[in-house]
Amino acid sequence: MSLGAKVRAGARLSLLNTVVIRIGNFAAGVVLARTLLGPREWGLYATGMVALGVLLSANEMGVSLAIIRWERDVKEFAPTVVTLSVLSSTALYGLLFVAAPATARALGSPDATAVLRVLCFSVVIDGLACVPNQVIAREFRQGARMVLDLLNFLVTTGTTLALAYTGAGAMSFAWGALAGNLCALAGCAIAVPGVLRPGWSTAEARALVSFGLPLAGASLLVLAMLNVDSVVTGALLGPVALGFYQLAFNVSSWPVRSISEAARRISFAGFSRVADSREALADAFGRGLGVLMAAAVPPCVLLATLAEPAVETIYGDRWAPAAGALRFLALLGLLRIAYELAYDCLAAAGRRSSLIAVQGWWLAALVPALLVGADRWGITGVGAGHLVVAALLVAPAFGWAVRRAGVSGAVVLRACARPFVGGLLMAAVSLLVDHWSGGTRWGMFAAGAAALAVYVPVVLPMRRLLRSGEAAVAVEPRGERVLAAEGER
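Residues numbered from 1 in each chain as written. Predicted model: local features only at pLDDT ≥ 70, side-chain atom pairs only at ≥ 80, totals over all residues. Heavy atoms only, no water.

1. Remarks on the overall build of the protein chain
Regarding its fold elements, the protein chain presents 17 helices and 2 strands. For the protein chain, the exposed surface amounts to about 20100 Å²; the carbon and sulfur share of it is 68%. (Helix = DSSP H or I, 4+ residues; strand = E, 2+ residues; numbered from the N terminus. Areas by Shrake-Rupley, 256 points an atom, 1.4 Å probe, with all protein chains shown as cover.)

What follows is the structure in structure tokens.
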């Protein structure tokens, strides 16, 4: 099967997988938020997720990505990857366990110590699972990925709901996540047998660390950038405000998780196969960006323009304070989808120094913006600060970085032009209909339908991106790449 066919098949299964899991997570979250757990419990859980996110960004030092990127027999270096990832993730968890009380206090939630210690053990599990997970990604085995994700979801959700009903509070999130990750690890061992065996080669270890550390550094900056808002909110405004903000961020991330995650399970592997050809890489990035923007604009625009009725309808009136931040975070979600695709493109092209420069710039600009926003306008100011920095300061930086990799500004503009115009029309129609209806819940549905009606004709011609121009990369037995580009560029 050609690479193009593998990518298309993997993309379909990945999208189906992501949509199914996200719908399930959404339903479980609604049940918990409306009946069992309030803003304080969500805030404590968010504190734990901040710490876990930082640990996950550095737990295996980026070495597992070599399984996708290196065109060698995985069995040659996988044992060294296992050893490195398990040692580093265990060391990180040990540090976190000791520092949990101080970390919880610094994040403004001293009651989160137990949540941190239980939830963050997942970093050790991830250190074990990274090799089989990357083998699945390398081989585009999205069917196996779907089964593993479904198993994780069922165990996590079932455990969380059961514990929440018994009054476990925020700890229900922590134990649920741990149970789900353990089951997924067992599934990985079955799906990809024989790769969890540890081993050691000093030469391989040097090469892996040299390859992975820059990517781990960039990933750490990404996670810091995406979590510094929670740190600022928790430290300055407290766990209740953090609970409201966390819900707003989670809602704004629906399009990111449903669309971007589905793409990222195949994008790095796909870009890696064409990374030696600047033309092919630019073509693949342009097509991918166009498809993602066309799919992401409707949910992001509707969440931004209909934030208040959406939050109140789905989660109940007590969560209404989250709407102020959601208006800005929804548009941030649209930018995150584009930036995550650019991240994978740059990583595949070996532009690790550019990634670190962009992410470092983003983080440096973001911290003061969030501090000012939180001090003056609460969680709404945090969301606004995030968006302003991402749109005005980070977009030019990513544009500079992808140009260095061979993706011109014209490629990006062509990919985004129709979704951008369609998004402006959607926003205008949505706001007008919502205002005309008086902001009612039925008016929200009418506004969404009318906005979609004006958007679809604008982006409909982009359907050719799904049918034409199939760039295929065939990997010959001796590992040489042969590029065959067909159709429109």
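2. Description of helix 13 (residues 307-315)
Inspection of helix 13 places Ala307, Pro309, Ala310, Val311, Glu312 and Tyr315 among the buried residues, and these make up the whole buried set. One or two positions beyond helix 13, positive phi appears at Gly316, with a value near 105°. (Buried < 20%, exposed > 50% of the residue type's maximum accessible area, 1.4 Å probe, protein only.)

3. Some points on the layout of surface pockets
Estimated volume of the second largest pocket: approximately 880 Å³. Lining the second largest pocket are 33 residues, and of these Met293, Leu334, Leu335, Cys416 and Phe420 sit closest to its centre. Taken together, the elements giving at least two residues each to the lining of the second largest pocket come down to helix 12 (278-305), helix 14 (323-348), helix 15 (352-404) and helix 16 (409-436). No other element matches the 10 residues that helix 16 contributes to the lining of the second largest pocket. Considering only residue class, the lining of the second largest pocket consists of 27 nonpolar, 5 polar and 1 charged. (1 Å grid on protein atoms, 1.4 Å probe; cavity = no way out; pocket = protein on both sides within 12 Å on 5 of 7 lines; lining within 4 Å. Points joined across faces, edges and corners; volume = space filled by probe spheres on them. Nonpolar A, V, L, I, M, F, W, Y, C, P; charged D, E, K, R; others polar.)

4. Regarding the packing of helix 14 against helix 15
What describes two packed helices is the angle between their axes and the distance between those same axes. Interhelical geometry of helix 14 versus helix 15 gives an angle of 20° and a closest axis separation of 11 Å. It follows that helix 14 is roughly parallel to helix 15 by the angle criterion. Note that helix 14 runs across helix 15; the crossing there is left-handed. (Axes fitted to C-alpha atoms, helices over the stretch in contact; angles between N-to-C directions. Parallel < 35°, antiparallel > 145°, perpendicular 65-115°, else oblique. Left-handed = near helix turned anticlockwise from the far one by under 90°.)

5. Details of the pattern of salt bridges
What the rule picks out here adds up to 4 salt bridges. Across the salt bridge formed by Arg327 and Glu308, the nearest N and O atoms sit 3.6 Å from each other. A residue pair is termed long-range when its members are at least 10 positions apart, and Arg327 in helix 14 and Glu308 in helix 13 qualify at 19 residues. With its nearest N and O atoms 3.1 Å apart, the salt bridge here joins Asp317 to Arg441. Taken as a pair, Asp317 in the loop between helix 13 and helix 14 and Arg441 in helix 17 (residues 441-459) lie far apart in primary sequence, 124 residues in all. Owing to a relative accessible area of 53%, Asp317 belongs among the exposed residues under this scheme. Residue Arg441 is classed as partly exposed on the basis of its relative accessible area, which comes to 39%. (Salt bridge = Lys/Arg side-chain N within 4 Å of Asp/Glu carboxyl O.)

6. Observations concerning helix 14
For helix 14, spanning 26 residues, the distance from its first C-alpha to its last is 37 Å, which sits close to the expected 38 Å at 1.5 Å a residue. At Leu329, helix 14 shows its strongest bend, of approximately 25°. With respect to burial, helix 14 is a largely interior element, 22 of its 26 residues being buried. Backbone geometry just after helix 14 places Gly350 at a positive phi near 80°. (Expected span 1.5 Å × (residues − 1). Bend = angle between axes of the 7 residues up to and from the residue.)

7. Brief notes about the state of the cysteines
In the structure shown here, the tally under the stated rule is 0 disulfides. Free cysteine: Cys188, not disulfide-bonded; nearest cysteine sulfur from Cys130 at 9.8 Å. (Disulfide = S-S within 2.5 Å.)

8. Notes on the nonpolar core
Core analysis: the largest hydrophobic core is formed by 142 residues, its most contacted members being Val131 and Trp362. In this structure, Trp362 is in contact with Met225, Tyr339, Val389, Ala390, Val394 and Phe398, ignoring residues within four places of it in sequence. (Core = buried A, V, L, I, M, F, W, Y, C linked by side-chain atoms within 4.5 Å. Contact = heavy atoms within 4.5 Å.)

9. Observations concerning the confidence of the model for the protein chain
When pLDDT is averaged across the protein chain, the result is 84; 87% of the residues are at 70 or more. By mean pLDDT, the top-scoring element of the protein chain is helix 16 (95), and the lowest-scoring one is strand 2 (residues 481-484) (28). Across residues 468-489 the pLDDT falls below 50, and counting only partners more than four positions away or on other chains, this stretch makes 41 contacts in the model. (pLDDT = per-residue confidence, 0-100.)

10. A closer look at the packing of aromatic side chains
The geometry of two aromatic rings is summed up by the distance between their centres and the angle between their planes. Counted according to the given criterion, the structure contains 12 aromatic pairs. Among the aromatic residues, ring-to-ring pairing joins Trp42, Tyr45, Phe173, Phe244 and Trp319 into one connected group. (Phe/Tyr/Trp six-rings, centres within 6.5 Å; stacked < 30°, edge-to-face > 60°.)

11. A word on a nonpolar patch on the surface
Taken together, the side chains of Trp361, Val388, Leu392 and Leu393 make up a nonpolar region of the molecular surface, amounting to roughly 390 Å² of accessible area. Its place among the elements puts Val388 in helix 15. (Patch = residues over 30% accessible without salt bridge, like charges linked within 9 Å, V, L, I, M, F, W, Y side chains within 5 Å.)

12. Examining the side chain of Thr47
Note on placement: Thr47 falls in helix 2 (residues 39-58). Among residues more than four places away in sequence, those in contact with Thr47 are Leu107, Ser109, Ala112, Leu116 and Leu242.

13. Examining the side chain of Ser253
Inspection of the secondary structure assignment puts Ser253 in the loop between helix 10 (239-252) and helix 11 (254-274). At a separation of 2.8 Å, a polar atom in the side chain of Ser253 contacts the main-chain carbonyl oxygen of Phe249. (Polar contact = N/O pair within 3.5 Å; in protein donor to acceptor, adjacent residues only side chain to side chain.)

14. Details of the environment of Thr166
Structurally, Thr166 can be placed in the loop between helix 7 (142-165) and helix 8 (171-191). Linking Thr166 and Leu36, residues 130 residues apart in sequence, is a C-alpha distance of 9.8 Å. Polar contacts involving the side chain of Thr166 include one to the main-chain carbonyl oxygen of Leu163, which spans 2.6 Å.

15. Here we look at the environment of Ala446
When you line up the elements, Ala446 lands in helix 17. Linking Ala446 and Val433, residues 13 residues apart in sequence, is a C-alpha distance of 7.1 Å.

16. Quick look at the packing of helix 16 against helix 17
It is at 8 Å that the axes of helix 16 and helix 17 come closest, and there the two elements cross at 155°. Regarding the angle of helix 16 to helix 17, the classification is roughly antiparallel. In this structure, helix 16 meets helix 17 at a crossing whose hand is right-handed. From helix 16, Arg418, Pro419, Val421, Gly422, Gly423, Leu425, Met426, Val429, Ser430, Val433 and Asp434 reach across to helix 17, where they touch Gly443, Ala446, Ala447, Ala450, Ala451, Leu452, Val454, Tyr455, Val458 and Val459. Per-class residue counts for the contact of helix 16 with helix 17 are 15 nonpolar, 4 polar and 2 charged.

17. Here's the deal with the environment of Ser122
Structurally, Ser122 can be placed in helix 6 (residues 122-138). Among the residues examined, Ser122 registers a relative accessible area of 5% and is labelled buried. C-alpha separation for the pair Ser122 and Ala179, spaced 57 residues apart in sequence, amounts to 9.3 Å. If near-sequence neighbours (up to four positions away) are discounted, Ser122 is found in contact with Leu52, Ala177, Leu178 and Asn181. Polar contacts involving the side chain of Ser122 include one to the side chain of Asn181, which spans 2.8 Å.

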